[in-house]
Structures are given as C-alpha cells and as structure tokens.
Amino acid sequence: MAGGNAIRGSRVGAGPMGEAERGDAAPRVFISYWCANGHQTRPSFAEEPGLAVPETWDCPRCGFPAGQDEANPPAPPKVEPYKTHLAYVKERRSDADGKAILDEALATLRDRKLIQ
C-alpha cells in the first residue's frame, strides 16, 4: 500500500455535486442564430421577466454575425485591405499639393546650401 491516505487528491468540501446541493438551475431559453455560412448557434439565456434577447450573436465557428432568421442571416462585415502610410497620404493630398510641398522643401535645402 502506498501511503494509506484515503482522501488523497480530494479537497475540503468535495463531494458528489447535484441539484440538491447547488440548488435548482434557473429556467433557460435557447435561441437559434444562423450566420452567412449556415452555421447554427444556440446560446441559452436565463428565462426572466423582460428578457431582452440580442438581435445578433457572433458565430463561434467563423466569427461572422449571426441572426435569428435562418433564410436571411446578417451579411458578413466588409474587410478593408491594409493601407500603407503612402496610401493615406495620397488620400489627403493631390499630386499638385505634393509637388508644391516637395518644391518648398527643396527650396529650403537649397537656401541652406545642403543641395545644389
């Protein structure tokens, strides 16, 4: 026999768990949600007066928003491509503005005799 401790691996208060010890579970409402990929999600909510169920729920499989209408799920979000710093600058400035800024910077450097 390896030690003879009968409660090894147990903790104080451990015992069989059941409804009698924990109390009754709250009544639940299961709502079905469907995403654009056809995945169904059924989260449960505690049934209580004035229950406000969310219109959309994030699909745990693909992350798209899911709605309660299986035939008409919400559209997936539009993903914008990554933009570089230059792309943001070009959105703010026209080619004429860029040429004017470049000419001004070159004139400043020529005045300081840093370039010819």
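What counts, and at which threshold
- Residues numbered from 1 in each chain as written.
- Predicted model: local features only at pLDDT ≥ 70, side-chain atom pairs only at ≥ 80, totals over all residues.
- Heavy atoms only, no water.
- UniProt positions renumbered as here; feature names shortened; annotations may be inferred.
- Phe/Tyr/Trp six-rings, centres within 6.5 Å; stacked < 30°, edge-to-face > 60°.
- Helix = DSSP H or I, 4+ residues; strand = E, 2+ residues; numbered from the N terminus.
- Buried < 20%, exposed > 50% of the residue type's maximum accessible area, 1.4 Å probe, protein only.
- Polar contact = N/O pair within 3.5 Å; in protein donor to acceptor, adjacent residues only side chain to side chain.
- Contact = heavy atoms within 4.5 Å.
- Expected span 1.5 Å × (residues − 1).

- If you check an unreviewed UniProt entry, the protein appears there as RNA polymerase-binding protein RbpA from Pedococcus sp. KACC 23699.
- Annotation of the protein in UniProt includes, under Function (unreviewed entry), the sentence "Binds to RNA polymerase (RNAP), stimulating transcription from principal, but not alternative sigma factor promoters."
- Quoted verbatim from the Sequence similarities (unreviewed entry) heading of the UniProt record, the comment on the protein is "Belongs to the RNA polymerase-binding protein RbpA family."

1. Here we look at the packing of aromatic side chains
A ring pair, where both rings are aromatic, is described by two values, the distance of the centres and the angle of the planes.
Thought 1: For the structure shown, the criterion picks out two aromatic pairs.
Thought 2: With a centroid separation of 6.0 Å and an interplanar angle of 25 degrees, the aromatic rings of Y33 and W57 are classed as stacked. Taken together, the positions of Y33 in strand 2 (residues 33-35) and W57 in strand 5 (residues 56-58) put the pair 24 residues apart, joining distant regions of the chain.
Thought 3: Looking at Y33, the relative accessible area reads 0%, which means it is buried.
Thought 4: Since its relative accessible area comes to 31%, W57 is described here as partly exposed.
Thought 5: Pairing F45 with W57 gives two aromatic rings, centres 5.5 Å apart and planes at 90 degrees, and the pair type is edge-to-face. With a gap of twelve residues between them, F45 in strand 4 (residues 44-46) and W57 in strand 5 connect regions that are remote in the sequence.
Thought 6: Here a set of aromatic residues connected by ring pairs shows up, and it is made of Y33, F45 and W57.

2. A few points about the side chain of S32
Thought 1: Mapped onto the elements, S32 comes out in the loop between strand 1 (28-30) and strand 2.
Thought 2: At 2.9 Å, the side chain of S32 and the side chain of Q40 are in polar contact.
Thought 3: Engagement of the side chain of S32 in a polar contact is seen with the side chain of R42, the distance being 3.3 Å.
Thought 4: The contact partners of S32, leaving out residues within four places of it in the chain, are Q40, T41, R42, G67 and Q68.

3. Concerning helix 3 (residues 95-111)
Thought 1: Relative to the 24 Å expected for 17 residues at 1.5 Å per residue, helix 3 spans 24 Å between its end C-alpha atoms, a close match to the ideal helical length.
Thought 2: Of the residues flanking the end of helix 3, it is K113, one or two places downstream, whose phi is positive at about 60 degrees.

4. A look at the environment of C62
Thought 1: Along the chain, the position of C62 falls in the loop between strand 5 and strand 6 (65-67).
Thought 2: When the C-alpha atoms of C62 and C35 are compared, they prove to be 8.5 Å apart, with 27 residues separating the residues in sequence.
Thought 3: With residues up to four places along the chain from it excluded, the contact list for C62 reads C35, N37 and H39.

5. Description of the UniProt feature "binding site: Zn(2+)" (unreviewed entry) in the protein
Thought 1: When the UniProt feature table is mapped onto this chain, "binding site: Zn(2+)" (unreviewed entry) is found at C35, H39, C59 and C62. Spatial clustering of the annotated residues is evident: they stretch over 28 residues in sequence, but the largest pairwise C-alpha distance comes to 8.5 Å.
Thought 2: Within the secondary structure layout, H39 lies in the loop between strand 2 and strand 3 (40-41).
Thought 3: You can call H39 buried: its relative accessible area is 16%.
Thought 4: Its relative accessible area of 28% is what places C62 among the partly exposed residues.

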